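Listed here are the chains, written in short residue letters.
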Amino acid sequence: MVSKMATKMKPVDNSVNERRLRPIYDWLDNGNNKKALQEAEKVLKKQPNLQCARVLKALAMVRLGKSEEAQTILQEVQLEEPCEDATLQAMAICYRETHRPELTCQIYEAAVRKDPLNEEFLSHLFMGYVRIGDYRKQQLTAMALFKVKPKNPYYFWAVMSILMQAYVNDDTVCLTITLPLAERMIKKFVEEKKIEAEAEVQLYLMVLEKQKKYQEALQVLQGSLSEKLANGMIENKKGEYLRQMKRWDQMLDYTEELLRSNPDQWSYYSLYMEALFELTSTTNADVIGRAKIFLLSLMEQERLKSENKLRGPYLAMLFFWQQLQQRNFDASTVFGNFREFAQEYVEVMGDKPCAFQDLRPFVSSLPAEQVNEFLGCVTQSVGLDQSSPQSPTTVKQICRHLLHIQLNRFLGQHDLLSKEEKIELSQKLWGHYLQTKSLNAGLLATDFRPNDGYALLAAHLLLDTWNNDPVVLDKCLLLLETALANSPANYHLKLLVTRVYTLAGHGRAAFQRYESLDVKYIQLDSLGHLLCRPLISMGLPYTASPLLSNTLRFYTTHARETSECLISAYKFGSFGKIPEFTQFCQRLDSSAHFASSTTERMLLDLLLDGSSHTKLVQSAAGMFADPDKDQPDWKTCVDNRDCGVFVSWDPPAKNSREDMVKTTFKDEVKFAQLRNRLVHSLIATVSLSPSWQSQVPETKNRTDNSVNGQTVEEPTNQIVLQRLLSEIRHLLTELKSETFMSHNQFSVQSPPPPRLYTYVENGVLEPLLILMDVVAKGQYVIGSDDILEFERALSQVIESAQLSVPSEGFWRNYIRLERVYNAVETLCLCVLIVSTMHAIIKTSNALIKKKKKKGVAKNDDSNSGVEQFATLVRCMTSSIGKMEVLFEELNVQVFFSQMKLTDSEIAQGAEAITAEIQKKLSQSPVSEMKSLLADKLKLLETCKL
């Protein structure tokens, strides 16, 4: 808290100051920044030069949104080089909240220069360098700290700083200079027996691992230093070192020893199998036979138990059999029947919810001729009469029954069913769901229900039969919403119903369900792709805007929060976490979703705030966009999407989405790149408006640099615009030569189809490029040819929207709305450019009239320009009218697609759920598009010369 700073002031020298400053701290802690500002001003009337009061005033102003005024105060105080701890900490808080961590380093550097032996100042300076990632200065500061106060943590801060330099420098430099230095520093402490904590030994191991000195690291584990390490760490590290040194015989012995003491640790089985099969290729010994005897002995131990049996040994049998088969051994002859091992696991562990996920990696290895026999055994383990509609009577029986159905689906049995059989099976599963609801009694609202799997499987079967039938989607929605009413915490149900709403084009309902998932923090990056961009595609820019803002807020604050984690890692000696936090931060900064969200938010700001030309200029000017700096390195963008978040029991061949994930990511990045160039082109266009000069100082438009004594003028916005348009055309040329994925290839569990496909196919950018090209050339008198070309390009975009309304393609409503929104967005952006052209032509004509009055102007074609501009405005007005007609037709289409249920064949008493769904679907998805277009029509009406 801010008030803690007050207690660090010297009570003798500053007791009066502390008493006067106390109310300011209290108001800041209570969040009443206005009162804190008033109290600060009262103190400054009595003591105008009191540094701490001035800084606290600046802090209150920062929190009140007056950052520029606060920066002025802070700069004045910084020039005075304060040395009081409370003042410095208050300044550090100001810089942290304004995202200027480098200034924190500057103030503590000045303080250290005045008091080089102050431990606290040096400590704060070190943490300041941690925040900005300056590892070299971290090292020097840590060593200065150690000289002032010879404490082990300070010394090892310096070693860790050296190690972090090795992570970012060239390998040659690391191996020859950086890492050997870190190793020598630690060895000195080892020889002098000064090692005190586990963290110091861990850091020693990290330095050795980075140099690949695994033998030396192994000796550390076997020496006296190992006494400071936890047993679990020693076990894991030793196994990893033996693996790295390829000592397979030792590794096999060691992992056997570990498995005897802990037969349920799966990572040990992975190391064991790796060592085993490496030895089979290098030795003549019967290691396979040895492994067989060992694994059977572990299994026998579990068989002898009457309860609390472990899963590991049972799964190890399946794992061993699979590994043998993959390495061209006759697994059945060597080890036994795979079906029997799988069947035994089902008999012992089939009543556990984890059973399917345990079996999933292995049952695909089941020989085809044994599939039916295996499934028959699983059916018998359930204990239900399959010929009657009997439902499970216990929770354990539900688990076994669900496992039976899940394995049937995973092994391809559902793919053999006809559409009618799938619907019938779905209805049976729903019947089981309803019959087993009584078994959920006594569970908390936050608990998953044991029978939720029936609802999910029933929904998946229905979606298998979809084939563009809206009634199937309606049944699926009713089923899932009913299940959610009974199990409100099941995120699998929420995710699936969100996707189904998206499939049907019901963006608002999808958004409501997405909000109920309470997506936050890192999930905004990993799950944001599910709805952030699709909401815009479904014509809901106003709904998407706060979601994008929330996402961007996470990206802008994560660096500050991660730096606090780094500082904690140094303080508590969690050195192993420091590289992880650093890599995590870098991964977020390189996130493709971050780049896409930033661009889409900027475009929405221009679209939604552009109700007048003045507001448009204010919005564009407020972005301070630099077309060269404000774009990421597209080649290094990282795909952080969690595409496996949807639960699925589909067969491996059907559920293989790796190629689709890679392709969609590549196309999403290309779309983000195209949109990035578009938004900067729009800002460059708006910057040519005469109103721009009153919003942005001249220095922000054009700066002069001196090179070799000569003045070099930077490119004007007009030249920048020409360059940006050239880049867009180059990108479009590349994209038009590519073959995009068909929408038929997308499934419920796959990522949403990139908007790039319809964007390029419909020629969305062509009308915009024509208008911006006219502005870029400085020929604000629009030629007849340009108008005809513009009208043709705009008609093509509108026609694609018109044709999509009656179409019944895959992802029917979603893609339909995307094509319609493409046309709406194009029209709106065209209006913004036309309003800029209007401002330019109006100012130009006013200058011509002045020259005429003075007799300076000779002849001009201003009258012709006015007529041509009027023609352009009429073309735009006519196009908007076509879209308004289209909205009426689309409303009819949407109305007819809403909840076509005529019976209650999948639910009993579903009236309330049906009414709730219809309430969510009551508002037309085109309402926001109509509002946006009406807003731009008003702006267009003001564009008269």
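Residues numbered from 1 in each chain as written. Predicted model: local features only at pLDDT ≥ 70, side-chain atom pairs only at ≥ 80, totals over all residues. Heavy atoms only, no water.

A. Here's a closer look at the overall build of the protein chain. Regarding its fold elements, the protein chain presents 44 helices and two strands. C-alpha extents for the protein chain along the principal axes are approximately 110 × 80 × 55 Å. Relative to its full complement of 945 residues, the protein chain shows a buried share of 54%. When contacts within the protein chain are restricted to residue pairs at least 6 apart in sequence, long-range pairs at least 24 apart make up 72% of them. Total accessible area computed for the protein chain in this model is approximately 42600 Å², and 50% of it derives from carbon and sulfur atoms. (Helix = DSSP H or I, 4+ residues; strand = E, 2+ residues; numbered from the N terminus. Buried < 20%, exposed > 50% of the residue type's maximum accessible area, 1.4 Å probe, protein only. Contact = heavy atoms within 4.5 Å. Areas by Shrake-Rupley, 256 points an atom, 1.4 Å probe, with all protein chains shown as cover.)

B. The arrangement of the packing of aromatic side chains in detail. Following the criterion strictly, the structure yields 28 aromatic pairs and no others. Aromatic side chains Phe277 and Phe329 sit 6.4 Å apart centroid to centroid with 55° between the ring planes, which places their arrangement in the tilted category. With Phe277 in helix H15 (residues 266–280) and Phe329 in the loop between helix H17 (312–326) and helix H18 (331–335), this residue pair connects regions lying 52 residues apart in the sequence. Residue class for Phe277 comes out buried when judged on its relative accessible area of 7%. Taking relative accessible area as the criterion, Phe329 reaches 28% and is therefore assigned partly exposed. Feature note: the residues Phe277, Phe320, Phe329, Phe335 and Phe341 constitute an aromatic cluster, connected by ring pairs. Directly above the aromatic system of Phe189 lies the positively charged group of Lys194, at a separation of 5.3 Å from the ring centroid. Sitting above the plane of the Phe277 ring, Arg327 keeps its charged end 4.4 Å from the centroid. (Phe/Tyr/Trp six-rings, centres within 6.5 Å; stacked < 30°, edge-to-face > 60°. Lys NZ or Arg CZ within 6 Å of the ring centre and 35° of its normal.)

C. Main features of empty space enclosed by the protein. One pass over the structure, following the stated rule, counts seven cavities of 30 Å³ or more. One number sums up the size of the largest cavity: a volume of about 240 Å³. Around the largest cavity, the lining is made up of 20 residues, and of these His529, His593, Ser596, Arg641 and Glu668 lie nearest the centre. Those elements that provide at least two residues to the lining of the largest cavity are helix H29 (532–537), helix H32 (592–609) and helix H34 (658–686). Here the lining of the largest cavity gets five residues from one element, more than from any other, and that element is H32. Here the second largest cavity defines a volume of roughly 70 Å³. Along the walls of the second largest cavity sit eleven residues, with His506, Gly507, Arg508, Lys920 and Gln923 positioned nearest its centre. (1 Å grid on protein atoms, 1.4 Å probe; cavity = no way out; pocket = protein on both sides within 12 Å on 5 of 7 lines; lining within 4 Å. Points joined across faces, edges and corners; volume = space filled by probe spheres on them.)

D. The arrangement of the side chain of Ser391 in detail. If you trace the backbone, Ser391 turns up in the loop between helix H21 (371–382) and helix H22 (395–410). The exposure class assigned to Ser391 is buried, which follows from its relative accessible area of 10%. Polar side-chain contacts of Ser391 include one of 2.8 Å to the side chain of His432. Leaving out residues up to four positions away in the same chain, Ser391 has contacts with Leu384, Gly431, His432, Gln435 and Thr436. (Polar contact = N/O pair within 3.5 Å; in protein donor to acceptor, adjacent residues only side chain to side chain.)

E. Examining the environment of Asp26 more closely. Summarising the element assignment, Asp26 is placed in helix H1 (residues 15–29). Overall, Asp26 belongs to the partly exposed group, its relative accessible area being 34%.

F. Focus on unusual backbone geometry. The backbone phi angle of Lys193 is positive, close to 55°, even though this residue is not glycine. In this fold, Lys193 is placed in the loop between helix H10 (171–191) and helix H11 (198–210).

G. Seen up close, the nonpolar core. The biggest cluster of nonpolar side chains holds 296 residues, and the ones touching the most others in it are Leu295, Phe320, Tyr570, Phe575, Val820 and Met883. At 18 residues, the largest contribution of residues to this core is made by helix H41 (residues 812–854). Those residues within four positions of Leu295 in sequence are excluded, and the remaining contacts are Tyr269, Tyr272, Met273, Ala316, Met317 and Phe320. Listed in part, the seven residues of the second largest apolar core include Ala592, Phe665, Val669 and Ala672. (Core = buried A, V, L, I, M, F, W, Y, C linked by side-chain atoms within 4.5 Å.)

H. Layout of the state of the cysteines. If you walk through the whole model with that rule in mind, you get zero disulfides. In this structure Cys94 is a free cysteine whose sulfur lies 10 Å from that of Cys52, the closest cysteine sulfur available. A relative accessible area of 0% places Cys94 in the buried class. (Disulfide = S-S within 2.5 Å.)

I. The arrangement of the side chain of Glu200 in detail. Summarising the element assignment, Glu200 is placed in helix H11. Here Glu200 sits buried without a salt bridge, and the closest side chain of opposite charge, Lys228, lies 7.1 Å off (N-O distance). (Lys, Arg positive; Asp, Glu negative; His and termini not counted. Salt bridge = Lys/Arg side-chain N within 4 Å of Asp/Glu carboxyl O.)

J. Molecular detail of the pattern of salt bridges. Summed over all chains, the structure comprises 45 salt bridges. For the salt bridge of Lys670 with Glu738, the shortest nitrogen-to-oxygen distance reads 2.4 Å. Of this pair, Lys670 sits in helix H34 while Glu738 is found in the loop between helix H37 (717–736) and helix H38 (756–761), placing the two residues 68 residues apart along the sequence. The residue Lys736 makes a salt bridge to Glu766 at a minimum N-O spacing of 3.3 Å. Of this pair, Lys736 sits in helix H37 while Glu766 sits in helix H39 (residues 766–776), and the two are 30 residues apart along the sequence. Looking at Glu766, the relative accessible area reads 28%, which means it is partly exposed.

K. Quick look at helix H19 (residues 338–349). Here H19 contains twelve residues, and its C-alpha end-to-end distance of 16 Å stays within 8% of the 16 Å for a straight helix at 1.5 Å per residue. Counting buried positions over the twelve residues of H19 gives nine, a clear majority of the element. Every buried residue of H19 is accounted for by Phe338, Arg339, Phe341, Ala342, Gln343, Glu344, Tyr345, Val346 and Met349. Packed against the buried residues of H19 are helix H16 (287–304), H17, H18, helix H20 (355–363), H21 and H22. Where H19 begins, one side-chain oxygen reaches toward the backbone nitrogen of Arg339, 2.8 Å away; that side chain belongs to Asn337. (Expected span 1.5 Å × (residues − 1).)

L. Representation of the packing of helix H3 (residues 51–63) against helix H5 (residues 85–97). Where H3 contacts H5, the two axes come as close as 9 Å, and the packing angle between them is 20°. Between H3 and H5, the angle falls in the class roughly parallel. In the crossing of H3 with H5, the sense of the turn from one axis to the other is left-handed. Facing Gln51, Cys52, Val55, Leu56, Ala58, Leu59, Val62 and Arg63 of H3, the residues of H5 in contact are Ala86, Thr87, Ala90, Met91, Ile93, Cys94 and Glu97. Considered class by class, the residues forming the contact of H3 with H5 number eleven nonpolar, two polar and two charged. (Axes fitted to C-alpha atoms, helices over the stretch in contact; angles between N-to-C directions. Parallel < 35°, antiparallel > 145°, perpendicular 65-115°, else oblique. Left-handed = near helix turned anticlockwise from the far one by under 90°. Nonpolar A, V, L, I, M, F, W, Y, C, P; charged D, E, K, R; others polar.)

M. Representation of H15. An ideal rise of 1.5 Å per residue puts 21 Å on 15 residues; H15 measures up with 21 Å between its terminal C-alpha atoms. Within the span of H15, buried status applies to Tyr268, Tyr269, Leu271, Tyr272, Met273, Ala275, Leu276, Phe277 and Leu279.

N. Representation of the environment of Trp27 within the structure. Examined against the element boundaries, Trp27 turns out to sit in helix H1. The exposure class assigned to Trp27 is partly exposed, which follows from its relative accessible area of 27%. Counting along the chain gives 115 residues from Trp27 to Ala142, while the straight-line C-alpha distance between them is 36 Å.

O. Molecular detail of the confidence of the model for the protein chain. Averaged over all residues, the pLDDT of the protein chain is 87; the fraction at 70 or higher stands at 90%. Of the regions scoring below 50 in pLDDT, residues 698–715 engages in 21 contacts with residues more than four places distant in sequence or in other chains. Counted against residues more than four places away or in other chains, residues 902–907, with its pLDDT under 50, gives seven contacts. (pLDDT = per-residue confidence, 0-100.)

P. View of the packing of helix H24 (residues 452–464) against helix H25 (residues 470–486). Between H24 and H25, the least distance of the axes is 9 Å, while the angle of their chain directions is 170°. In terms of orientation, H24 and H25 fall into the roughly antiparallel class. Of the residues in H25, those touching H24 at Ala455, Ala458, Ala459, Leu462 and Leu463 are Val472, Leu473, Lys475, Cys476, Leu479, Leu480 and Ala483.

Q. Examining a nonpolar patch on the surface more closely. A grouping of Tyr521, Ile522 and Phe584 is seen on the molecular surface, where their side chains present a nonpolar patch of about 300 Å² in accessible area. Within the element layout of this structure, Ile522 appears in the loop between helix H27 (507–516) and helix H28 (523–526). Taking relative accessible area as the criterion, Ile522 reaches 36% and is therefore assigned partly exposed. (Patch = residues over 30% accessible without salt bridge, like charges linked within 9 Å, V, L, I, M, F, W, Y side chains within 5 Å.)

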